[in-house]
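Analysis of the macromolecular model
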Amino acid sequence: MSILVLGTVALDNVRTPYGERNKLLGGSAAHFSMSSRLFTKVSLVATVGEDFPQRHIDFLQQKGISLASLIRAQGKTFQWSGEYKGDLNTAVTLNTELGVLASFKPKLSEEQKKIKYIFLANVDPDIQGHILPHLSSPKLIVLDSMNYWINTKRKSLLKVLKKVDIYVANDQEARSLTQEDNLIRAAKRLRSFGPPMILIKKGEHGVLFYSDKFIFSLPAYPEDKVVDPTGAGDTFAGGFMGYLAKAKTVNAQNIKKALAYGTIAASFNIEGFGLERTAKLSMKDLDNRLAEFRRQVLF
Ligand code: AMP
């Protein structure tokens, strides 16, 4: 296994100007896996409730994702309800029901403890922190979070941030955690919280990477078919980490290429509801669009 992802597997209720869908298979770990699976083996750690349909489990398995640590617990599956309006850049959370997530204590197998590339997808920061001491030799730990946890578990989030290599945030989250409006200043402040590398996603405006050694910025892929952005951030992270895990070396050149793969993976995600589009995605689709993107970005 080359990537371990801890996060949510959820039932999402989503409303966008293009329609409404209820109880869609979603969650940070599910969206992340759907793009990272194209690069490498992915082992998913999460919990679902008794109400979670078996067909979703079958579907994730068919996509080659290892579900050895997907625990079915007594209670209800985590549910998120959200809405996007206007330019669809910002999700408005209508409701979050933690269900079985409230009592989730992830357990890793001996094999999983040896995995070197770790993605702590958006989930309770106490749960993210819980697995860290069990990892035997992590090479790269990347963490994502969300306003919900920034607002309710800020202290725990700041504690776990000290132990990760890359913090991935969207512009809103970066501003909310640092109280800085300027994103470079926000990135510097986030750097002072511990993680040596900071990655700020700006929706349709692209992505900013900040480290002491270099800053790198990429626009988003110009996309006019934005149907549902849910999971775009996780799909981005899946492409980004998938490439790095496959490349096996974390250096400036590979980070830049990984950012480009993340950008392209996310551009597909937003073209359909939930996992609709990314479930059909192939490496060839990614590479073809990446070649087109390269021509658009370089002159
Ligand atoms: P993204 O659009 O990439 O930020 O992620 C959207 C996914 O995150 C959805 O599929 C949700 O199920 C999941 N999600 C929403 N709120 C939370 C939360 N508070 N904790 C963990 N996952 C969440």
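As a reminder, the structure under discussion sits directly above these lines.
None of these values were measured; they are calculated from a predicted model. (Residues numbered from 1 in each chain as written. Predicted model: local features only at pLDDT ≥ 70, side-chain atom pairs only at ≥ 80, totals over all residues. Heavy atoms only, no water.)

**Points about the packing of aromatic side chains**
To be explicit about the condition: Two aromatic rings, drawn from Phe, Tyr or Trp (for Trp, its six-membered ring), form a pair once their centres lie within 6.5 Å of each other, and the interplanar angle then sorts them: stacked below 30 degrees, edge-to-face above 60, tilted otherwise. Secondary structure elements follow DSSP: runs of H or I of four or more residues count as helices, runs of E of two or more count as strands, with numbering from the N terminus. Partly exposed describes any residue whose relative accessible area lies between the buried limit of under 20% and the exposed limit of over 50%, with all areas from a 1.4 Å probe on protein chains only and scaled to the type maximum. Any Lys NZ or Arg CZ found within 6 Å of a ring centre and within 35 degrees of that ring's normal is scored as a charge over the ring.
One pass over the structure, following the stated rule, counts seven aromatic pairs. Ring geometry for Tyr243 and Tyr261: centres 5.2 Å apart, planes at 20 degrees, overall stacked. Of this pair, Tyr243 sits in helix H9 (residues 232-247) while Tyr261 sits in helix H10 (residues 252-269), and the two are 18 residues apart along the sequence. The residues Tyr243 and Tyr261 share a single accessibility class, namely buried. Directly above the ring of Phe273 sits Arg21, whose terminal nitrogen or CZ lies 4.1 Å from the centroid. Directly above the ring of Phe268 sits Arg289, whose terminal nitrogen or CZ lies 3.7 Å from the centroid.

**Brief notes about the sheet that holds strand E4 (residues 42-48)**
To summarise the sheet geometry, strands pair through backbone hydrogen bonds and adopt either a parallel or an antiparallel arrangement. Stated precisely, the cut-off is as follows: Strand pairing is assigned whenever DSSP identifies at least 2 bridges connecting the two strands. Axes here refer to lines fitted to C-alpha atoms; in helices the fit is confined to the stretch in contact. Angles between the N-to-C directions go from 0 to 180 degrees. The contact criterion used is simple: two residues touch if any of their non-hydrogen atoms lie within 4.5 Å.
The nine strands are arranged E5-E4-E1-E8-E9-E10-E11-E12-E13 in an open sheet whose pairing can be described as mixed. The two strands at the open ends of the sheet, each matched to only one other strand, are strand E5 (66-72) and strand E13 (215-218). Taking the axes of each pair of neighbouring strands and ignoring which way they run, one obtains an average angle of 15 degrees across the sheet. Taken together, the four bridges between strand E1 (residues 3-6) and strand E8 (residues 117-120) define a ladder with parallel strand orientation. Residue pairing for E8: Leu6 is matched across the bridge by Leu120. Helix H8 (residues 183-192) contacts strand E10 (166-170), strand E11 (197-201) and strand E12 (207-211) of the sheet and is inclined by roughly 140 degrees relative to E11. Of the strands in this sheet, E11, E12 and E13 are in contact with H10, which crosses E13 at around 25 degrees.

**Comments concerning the packing of helix H7 (residues 171-178) against H8**
Which entries qualify depends on this criterion: If an angle is under 35 degrees, it is roughly parallel; if it is over 145, roughly antiparallel; if it lies from 65 to 115, roughly perpendicular; otherwise it is oblique. A clockwise turn of the near helix away from the far one marks a right-handed crossing, whereas an anticlockwise turn of less than a right angle marks a left-handed crossing. Three classes are used, and their members are as follows: Ala, Val, Leu, Ile, Met, Phe, Trp, Tyr, Cys and Pro are nonpolar, Asp, Glu, Lys and Arg are charged, and the others, Gly among them, are polar.
Contact pair H7 / H8: the axes reach a minimum separation of 9 Å and the direction vectors enclose 60 degrees. Considered as vectors, H7 and H8 are oriented oblique to each other. Read as a crossing pair, H7 and H8 show a hand that is left-handed. For the pair H7 and H8, contact is made by Asp171, Ala174, Arg175, Leu177 and Thr178 and by Leu183, Ala186, Arg189 and Leu190, respectively. In the contact of H7 with H8, the residues fall into five nonpolar, one polar and three charged.

**Details of helix H6 (residues 154-161)**
For clarity, the cut-off: Working definition: the arc comes from the directions between the helix axis and the C-beta atoms, pointing outward to the latter.
Of all the residues in H6, the buried ones are Ser156, Leu157, Val160 and Leu161. All buried residues of H6 fall inside an arc of 135 degrees around its axis, so they share one side. Projecting away from the buried face of H6 at angles above 90 degrees are the exposed residues Lys155 and Lys159. Tucked into the core, H6 has its buried residues touching helix H4 (125-131), strand E9 (140-144), helix H5 (147-152), E10 and H7.

**Let's talk about the site of the ligand**
Where we set the bar: Here a residue is considered near a molecule or strand provided that any single heavy atom belonging to it is located within 4 Å of it. Side-chain atoms alone can form a polar contact between residues adjacent in sequence; in general such a contact is a pair of N or O atoms within 3.5 Å, and within protein one must be able to donate a hydrogen while the other accepts it. Surface accessibility in these figures is a Shrake-Rupley result with a 1.4 Å probe; residues are shielded only by whichever protein chains are displayed.
Residues in close proximity to the ligand total 19 residues, the closest being Asp12, Gly27, Trp149, Gly231 and Asp234. Contact distances for the ligand include 2.8 Å between an oxygen atom and a side-chain N or O atom of Asp234. Taking 510 Å² as the accessible area of the ligand by itself, protein coverage stands at 92%. Of all the secondary structure elements, the ones that give two or more residues to the shell around the ligand are strand E2 (10-16), helix H1 (28-36), H5 and H9. A total of three residues in the shell around the ligand trace back to one element, the largest contributor, which is H9. For the shell around the ligand, the residue count by class is eight nonpolar, nine polar and two charged.

**Describing the pattern of salt bridges**
Going by this rule: Whenever Lys or Arg places a side-chain nitrogen within 4 Å of a carboxyl oxygen from Asp or Glu, that contact is recorded as a salt bridge.
By the definition in use, this model includes 11 salt bridges. A salt bridge links Arg15 to Glu20, with the nearest nitrogen and oxygen atoms 3.8 Å apart. A salt bridge links Asp124 to Lys153; its shortest N-O distance comes to 2.9 Å. In this pair, Asp124 sits in the loop between E8 and H4 while Lys153 sits in the loop between H5 and H6, placing the two residues 29 residues apart along the sequence.

**A closer look at the environment of Asp165**
With respect to the helices and strands, the residue Asp165 is situated in the loop between H6 and E10. Sequence separation between Asp165 and Val142 is 23 residues; the distance between their C-alpha atoms is 5.9 Å. Beyond its immediate sequence surroundings of up to four residues, Asp165 is in contact with Lys139, Leu140, Ile141, Pro195, Pro196 and Met197. A polar contact is formed between the side chain of Asp165 and the backbone nitrogen of Ile141, at a distance of 2.7 Å.

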